[in-house]
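Structural characterization, general
Now for the letters of each chain:
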Number of protein chains: 2
Amino acid sequence: MIRLTYRIETPGSVEKMATKIASDQSTGTFVALPGETEELKARVAARVVAIRPLPPTARASFPDEAGDAVSFNRADVDIDFPLDAIGTDLSALMTIAVGGVFSIKGMTGIRIVDMKLPPEFAAAHPGPQFGVSGSFALTGVKNRPIIGTIVKPALGLLPHETAEMVDELIDAGVDFVKDDEKLMSPAYSPLKERVAAIMPKILDHEQKTGKKVMYAFGISHADPDEMMRNHDMVLEAGGNCAVVNINSIGFGGLAFLRKRSGLVLHAHRNGWDVLTRHAGLGFEFSVWQQFWRLLGIDQFQINGIRVKYWEPDESFVRSYQAVTSPLFSGADVALPVVGSGQWGGQAPDTIAATGGSTNLLYLCGGGIVSHPGGPGAGVKAVKQAWEAAVAGVPLGTYAKDHPELAQSIEKFADGKAA
Amino acid sequence: MIRLTYRIETPGSVEKMATKIASDQSTGTFVALPGETEELKARVAARVVAIRPLPPTARASFPDEAGDAVSFNRADVDIDFPLDAIGTDLSALMTIAVGGVFSIKGMTGIRIVDMKLPPEFAAAHPGPQFGVSGSFALTGVKNRPIIGTIVKPALGLLPHETAEMVDELIDAGVDFVKDDEKLMSPAYSPLKERVAAIMPKILDHEQKTGKKVMYAFGISHADPDEMMRNHDMVLEAGGNCAVVNINSIGFGGLAFLRKRSGLVLHAHRNGWDVLTRHAGLGFEFSVWQQFWRLLGIDQFQINGIRVKYWEPDESFVRSYQAVTSPLFSGADVALPVVGSGQWGGQAPDTIAATGGSTNLLYLCGGGIVSHPGGPGAGVKAVKQAWEAAVAGVPLGTYAKDHPELAQSIEKFADGKAA
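Residues numbered from 1 in each chain as written. Chains lettered and ligands numbered in written order. Predicted model: local features only at pLDDT ≥ 70, side-chain atom pairs only at ≥ 80, totals over all residues. Heavy atoms only, no water.

We now examine helix α15 (residues 375–391) of chain A. An α-helical turn contains 3.6 residues, so any two residues separated by three or four positions project in the same direction. Counted at 1.5 Å a residue, the expected span for α15(A) with its 17 residues is 24 Å, and the 24 Å between its end C-alpha atoms agrees. Within the span of α15(A), buried status applies to P375(A), A377(A), G378(A), V379(A), A381(A), V382(A), Q384(A), A385(A), W386(A), A388(A) and A389(A). (Helix = DSSP H or I, 4+ residues; strand = E, 2+ residues; numbered from the N terminus. Expected span 1.5 Å × (residues − 1). Buried < 20%, exposed > 50% of the residue type's maximum accessible area, 1.4 Å probe, protein only.)

What follows is the structure in structure tokens.
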């Protein structure tokens, strides 16, 4: 049995709307039809199994459909879909249990707030190939977050310029570097040339120091064949990671890639906010991320504390809990990628809010490269912030004998890293 | 140059927000960075080229972000992206020009309302393989809409039960039959068995009458390899059409399929409403459908007049105009699939609202199969309604000597087909 939980908002009856969803999304039809029998409908019909009322609201989430109503009833409704009606294909799951619900008349809001899948989905999907343990093994990091940064500006560097910047970041001691998600393979920086310019820097550094920095190349392409060619280029050059823009390639792109991939798949969720930012509409991240983890994401970008984007801290915390909670086993957990306006100063609050684990990739852009002492001092400062946070020492105290952290606090504590 | 038009809503300055979007979505970064030069940024920077103010609103589209503000400024903002910054890959276009905009702080709403692509996109993408002319040629229909219906119930028929229903529908004289979009390949009706049960009915009928009914099988699968196996099964059995749930397979799924497809691709847009139903957020259909048409959709479902779903008639009309307007040439036009609660009674208003063309696929579910005289009379009634509408004769008048239409009016005119 597959269980979906919908947060329904309607000027009318929540119960009636729940029944309509269950009917429309399984056996329902316009009118009674010849040949339609109760027996066969019962085999695959979805069923409303629980309705948990919520306080009504005076504000319609779809305001144009409020009509004359001034109060809107709300409830969380559990609907069970027989596995036989859907199977384990994720496009069937999306189509049947989600696809049509946003088109139904008579609602002023609907949000998918929970999804519980049976174990058959574990067997049917690959899940992450490298995941948390693979990410730490490949970077050689232990007992602290993987410290990462992003090559900026997002667009506009020639391959050799990018490589020079990467060289500086590697020397600074970062564990992980990524292309901005908007950098894929434009004419001024074809992926092939970027790989050729960057990978020797990574491999040289590895040969000299034993430390192989993980570089995530932007391999996304709407055409899976092209994306595989991009993947192969990175792998053949000795690379071990790729940024995939999951919304822009879709289930098909990721499913195709994962089956053939030798790279750690780092998900950027650009475009996701349109599906979640209005609290009465769309999806909770906890639902949506299940699809992508089953399909094989290793590292999942999820914002952080005090980000430069719209997302409130409590929403980030729920996202963190979602990606780090097993769906079926610990092997399907994705590495949370905490980023946006980070410089280390958010480490204590991140630890406090997420339960103290350092199993994360901590992405700092300006927080590292714009450190007054240069990127090397920036990396040191971020590591110091995490040491302090793990030890429960206030950052100000720890900064007294850690000058790089002191400089970061001076420069970024008022939010300038964002 | 690629031009996007964003409808921005903010309690602050629209101009500032427009500049922020242009910066964030191209060369922008957190803070000034070493190595960043004006020259390289200028090469690929997006630019605000026009701001057309709209009346302010008192209602925030993202209400949780209204703060203390009581009025929200609005404008349509044109931003140009150099083709060199994006290229012609649709995943890059989606990521760069759309992906991040929904995450930007300080807005209370943003909707993508227009997108103009340069001719390089025409050369880079296949577009429809069959399109309007192919759909009419394969069904043999001339000078009227292709009349289609849907096998119902959506879920719960065994393959032989579906085939029996299809047999009845073929005998009724329909041109087109489709699986409900929720029917793909569940355990009780594997696609292979459904194809084996249905195609002989289609081919027998063709042999007897010369008319080959187009049957659209639900081939969608999140895994493109599986979807291709489904495609091949249909093609090898003599089928010529497939329902693809575009949101559930993504750009990657459709791009992969189209390159290898021998079938007419009939798009069901389930899940789309979440992106468009709130008028202050998400996408206009005219923007979103461009991606899918470039990727190769032949037939595009777009609702109709007086549908059973939430969509107002004027929104349907805009959708109709969108799919029937060439992007670069007439060859890239998709066949509009007009459906939901249709029974023929909407034909006059459909013609009046869309300019009189009968180049469409008119999908009736209950409007055909629940006709009091049976599905055969239902098909006749729908054809009669279109004859009357094309001739400009009121349906009531035409019904005087067309008894099937008279029965339809009697049964459905109060909206019961919906």
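Right, let's talk about unusual backbone geometry for a bit. All names here are of chain A. Residue P153 is reached from K152 by a cis peptide bond, and omega for that bond is 0°. With respect to the helices and strands, P153 occurs in the loop between β5 (146–150) and α7 (159–171). Although it is not a glycine, N143 adopts a positive phi angle of roughly 60°. Residue position: N143 is located in the loop between α6 (131–139) and β5.

Right, let's talk about the sheet that holds strand β3 (residues 72–81) of chain A for a bit. All names here are of chain A. Read from one edge to the other, the open sheet built from five strands follows the order β2-β3-β1-β4-β10, with strand pairing classed as mixed. Two strands close off the open sheet at either side, each with one partner strand: β2 (47–57) and β10 (282–283). In the sheet, strand β1 (residues 2–10) pairs with strand β4 (residues 109–116) via seven bridges, with the strands oriented antiparallel. Counterpart to L4 in the pairing with β4 is M115. (Pairing = 2+ DSSP bridges.)

With that settled, the discussion passes to the interface of chain B and chain A. In this complex, chain B contributes 91 residues to the contact, which on the side of chain A involves 91 residues. Contact between chain B and chain A buries roughly 7,700 Å² in total, counting both sides, with carbon and sulfur atoms accounting for 60%. On the surface where chain B and chain A come into contact, there are 10 salt bridges. Residues D64(B) and R59(A) are paired through a salt bridge, measuring 2.9 Å at the closest nitrogen-oxygen approach. Counting across the interface, chain B meets chain A through 38 residue pairs in polar contact (both at pLDDT 80 or more). With 10 residues, helix α10 (residues 246–260) of chain B is the largest single contributor of residues to the side of chain B that touches chain A. Residue composition of the side of chain B that touches chain A, grouped by class: 43 nonpolar, 27 polar and 21 charged. (Contact = heavy atoms within 4.5 Å. Buried area = accessible area lost by both parts, 1.4 Å probe. Salt bridge = Lys/Arg side-chain N within 4 Å of Asp/Glu carboxyl O. Polar contact = N/O pair within 3.5 Å; in protein donor to acceptor, adjacent residues only side chain to side chain. Nonpolar A, V, L, I, M, F, W, Y, C, P; charged D, E, K, R; others polar.)

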